[in-house]
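The residues making up each chain are set out below.
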Amino acid sequence: MEKIPGLEIQEHEKSKRILNIKITDEIIKKLVFPFNKFDLTALELKPFTRFTIAKSLDDLLEKKLSKLMNSIIRDRSTGCFIIGPKNITPKINDKFLVKLSTAIAYLIGNPNHDSMAGKYYARFHVKHEDASDSYLRKAYRNMDLHTDGTYVKEVTDWLIMTKLEEENVEGGETAMLHLDDWEHCKELSKDPVGKQDFLWSSPKSKNVDYKVEHPVFSSDEKGRPHISYIDQFPEPKNMEQGNFLQKLSDALEGSENKVITKLPVGCSIIANNYFWLHGRKPFKENKELSRELLRIRGSFFVN
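Residues numbered from 1 in each chain as written. Predicted model: local features only at pLDDT ≥ 70, side-chain atom pairs only at ≥ 80, totals over all residues. Heavy atoms only, no water.

Engineer: Break down the state of the cysteines for me, citing the residues and quoting the values.
Structural biologist: Counted under the stated rule, the structure contains zero disulfides. Cysteine Cys 185 is unpaired, with the sulfur of Cys 80 as its nearest cysteine sulfur at 17 Å. No disulfide involves Cys 267; its nearest neighbouring cysteine sulfur is the one of Cys 80, lying 12 Å away. (Disulfide = S-S within 2.5 Å.)

Engineer: Lay out the pattern of salt bridges in plain terms, naming residues and giving numbers.
Structural biologist: Following the criterion strictly, the structure yields 22 salt bridges and no others. Note that Arg 295 and Asp 114 form a salt bridge whose closest N and O atoms lie 2.9 Å from each other. Linking Arg 295 in strand 17 (residues 290-300) with Asp 114 in the loop between strand 4 (109-111) and strand 5 (122-127), this pair joins segments that are 181 residues apart in sequence. Each member of the pair, Arg 295 as well as Asp 114, carries the same accessibility label: buried. (Salt bridge = Lys/Arg side-chain N within 4 Å of Asp/Glu carboxyl O. Helix = DSSP H or I, 4+ residues; strand = E, 2+ residues; numbered from the N terminus. Buried < 20%, exposed > 50% of the residue type's maximum accessible area, 1.4 Å probe, protein only.)

Engineer: Can you break down the pairing of strand 15 (residues 268-272) residue by residue, with the values?
Structural biologist: A regular strand places its side chains so that they alternate between the two faces of the sheet. When you tally the buried positions in strand 15, you get five out of five residues, the bulk of the element. Of the two faces of strand 15, both are covered, the one formed by Ser 268, Ile 270 and Asn 272 as well as the one formed by Ile 269 and Ala 271. Taken together, the four bridges between strand 3 (residues 80-85) and strand 15 define a ladder with antiparallel strand orientation. If you follow Ile 83 over to strand 15, its bridge partner there is Ser 268. (Pairing = 2+ DSSP bridges.)

This is the structure we're talking about:
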């Protein structure tokens, strides 16, 4: 792989499919000025400002970062990378990380409107107590493997998850599974039930007032399987669909090829949403537990 000044690139210790990209202190220092030009309100209300900070990041890296990220995220053999500052300095606060995540997103594609947050990104806390209506904020429950965008009309090619803050945390590791590493992929992706249209809805907190229909499995232009699935949101139409979903859930959670990794504070994990599933292990109980995450998801640029 080409060496890019300002970046340290290596394979992830748990998977050759995932690349680790560290941004050096020198580049981070040079980002402070262009990032300070816009506050978060400007980024939220004026979409073109997001392209401006994305260009600032790419220019500092000789326009090689955008090429690298797109080559990884679109490649079936990889499709996932983790990126973040090599070192966390006092200047790298939550606002800086929102801007860095925004810049990364806009070098890949156009983010979707996140109805849960009412803007192009969502921030959410995981704490000891929770009264929400989804697994997203439930610290002590396993968040099963899933893909994003199952219940919306927007195309969801990729997603970014950034860890903004974490305190008093044990457990809560990120779980990832590439379809081509899943032991039951061939069997279940070829099952005719998985090609049927399923009805998908969402809880009230998602602020999506419609339902969509689509199959669990589809295929890319080369006939390789794609998956669109989350355990909480399908509404099986009959016994056949209900039993298929149970079989699918058991096979995913029972996979021995999941990649279990701890995402460092300040880092983002970016994954292709068609052949990578993601989830989260339960946290160990702690009344002082606190984690804040940022989520951006969207579609690839179409030139």
